[in-house]
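Architecture at a glance
One letter stands for each residue in the lines below.
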Amino acid sequence: MSMNDTPSGERIHIGFFGRRNAGKSSLVNAVTGQDLSVVSDTVGTTTDPVRKSMELLPMGPVVIIDTPGFDDEGALGALRVRKTCQVLNRSDVAVLVADCAAGLGACERELIELFQKKEIPYLIAWNKCDQLRTVPADSDQERYVSALKHTGIEALKERIARLAKPSDDRRMLAGDLVHPGDVVLLVVPIDKAAPKGRLILPQQMTIRDLLDADAAALCVKEHEICEMLDRLRTPPALVITDSQVFEKVSADVPQDIPLTSFSILMARKKGFLDTAVRGVCAIEDLQDGDTVLIAEGCTHHRQCDDIGTVKIPRWLQNYTGKQLQIETCSGMTFPEDLSGYSLIIHCGGCMLNDREVQARMKCAEDQKVPITNYGIAIAYMQGILKRSVSMFPHLLAAISETEEKHA
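Residues numbered from 1 in each chain as written. Predicted model: local features only at pLDDT ≥ 70, side-chain atom pairs only at ≥ 80, totals over all residues. Heavy atoms only, no water.

For the rest of this paragraph, the subject is the packing of aromatic side chains. Applying the stated criterion to the full structure yields four aromatic pairs. Between the aromatic rings of Phe115 and Tyr122, the centroid separation amounts to 5.3 Å while the plane-to-plane angle is 40°, which identifies the pairing as tilted. Take Phe115 and Tyr122: they sit in the same class, and that class is buried. Through successive ring pairs, a cluster of aromatic residues spans Phe17, Phe115 and Tyr122. (Phe/Tyr/Trp six-rings, centres within 6.5 Å; stacked < 30°, edge-to-face > 60°. Buried < 20%, exposed > 50% of the residue type's maximum accessible area, 1.4 Å probe, protein only.)

Structure, rendered in structure tokens:
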């Protein structure tokens, strides 16, 4: 996979923030070397967050986000400010663009408080330093730049790169669960919902992760499992399946072979697995009239038997026997007020970066709304949750504890 093909969820997200007319858009254009954002002397030219996936040296694949002025006014201004706050949830690094002549005002201090509250690494880019008689020395937290004269841009980029989380620190999908030379069986259904001519992103990422670990990834369809197991001299070290066929795969794969799903591994990679396991038992508490939110991190064409809007609601209905209200959200849209929901079931989040997934998770936890994910919920309702997370022993204790509370 080339840098240009790197999924958005695996890129470092760099957000540029500040008041109107501080020169955010001009600085973004200078940093990227492109006319990414519209620039004018009119205050508030940027009205919506502008995103661009690109390769930015020395960091590599990134997403650059230019945001509206945080000091915007009126009803429309409040909407823009809210969108800016949403960008914070997916920013791995924040750049506060401030005007050298104006200094730090209430707007900038409020943004700094938000960066600190959300634990986002940040630095202050003092723009328009070409207007100063004497330019102060840079510090770890500050860089003096001029978007107009392209002064200090390389030093700014290098400092952003040092603040960004190194890719080596990112969680693995499955590579650490196997040994070099192991065979891993991947169950990949090819049905109406499968994209034409390609695998879905979690499947692609898992194959690459296993190859990086010097393991062999062997792909089969769900009806080919038994035949493939008979042909293998040695049982696979692990079987990973699409959650939609979890029940059939569990029946076909011997109990002594570890089994999990792409969705569960993706939740682990995003730092969401423990919370998802703790939240799933809330399915037992659902009552007639309760509302369940099905949340997806991407937008896609809905098929007639779509997993989020059709299959999971059907499985919930069959498992609980309750008349539930189902609401959905997709893409970058996620409700701020979750008080009306009894449970949130989120997708694997492959199109979201780690920080965005964890922000949604924390939003639910802060409002005391249980949250789980597709793979965990499906495994739970099909009675195979313990088996599907058996390679993570600490989770087995958590499942037993929550089961006792709901007994």
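What follows picks up the thread again.
The next thing to look at is empty space enclosed by the protein. The tally for this structure, following the rule as stated, stands at two cavities of 30 Å³ or more. Of the voids in this model, the largest cavity is the one considered here, and its volume is about 50 Å³. Residue lining of the largest cavity: Phe272, His346, Cys347, Gly348, Gly349, Val357, Arg360, Met361 and Ile371, and that is the complete set. A class-by-class count of the residues in the lining of the largest cavity yields five nonpolar, three polar and one charged. When its volume is computed, the second largest cavity comes out at roughly 30 Å³. (1 Å grid on protein atoms, 1.4 Å probe; cavity = no way out; pocket = protein on both sides within 12 Å on 5 of 7 lines; lining within 4 Å. Points joined across faces, edges and corners; volume = space filled by probe spheres on them. Nonpolar A, V, L, I, M, F, W, Y, C, P; charged D, E, K, R; others polar.)

Per-residue pLDDT for the protein averages 87, and the proportion of residues at 70 or more is 88%. pLDDT under 50 marks residues 38-46. Its contacts with residues more than four places away, or in other chains, come to 19 contacts. (pLDDT = per-residue confidence, 0-100. Contact = heavy atoms within 4.5 Å.)

A separate point is the sheet that holds strand S14 (residues 371-373). Strand order in the open sheet formed by four strands is S12-S11-S13-S14, with parallel pairing between adjacent strands. Of all the strands in the sheet, just strand S12 (325-329) and S14 have a single pairing partner and so form its edges. This sheet shows a mean twist of 25° between the axes of neighbouring strands, independent of strand direction. Packing against the sheet, helix H9 (residues 273-280) makes contact with strand S13 (343-346) and S14, and its axis sits at approximately 110° to S14. (Pairing = 2+ DSSP bridges. Helix = DSSP H or I, 4+ residues; strand = E, 2+ residues; numbered from the N terminus. Axes fitted to C-alpha atoms, helices over the stretch in contact; angles between N-to-C directions.)

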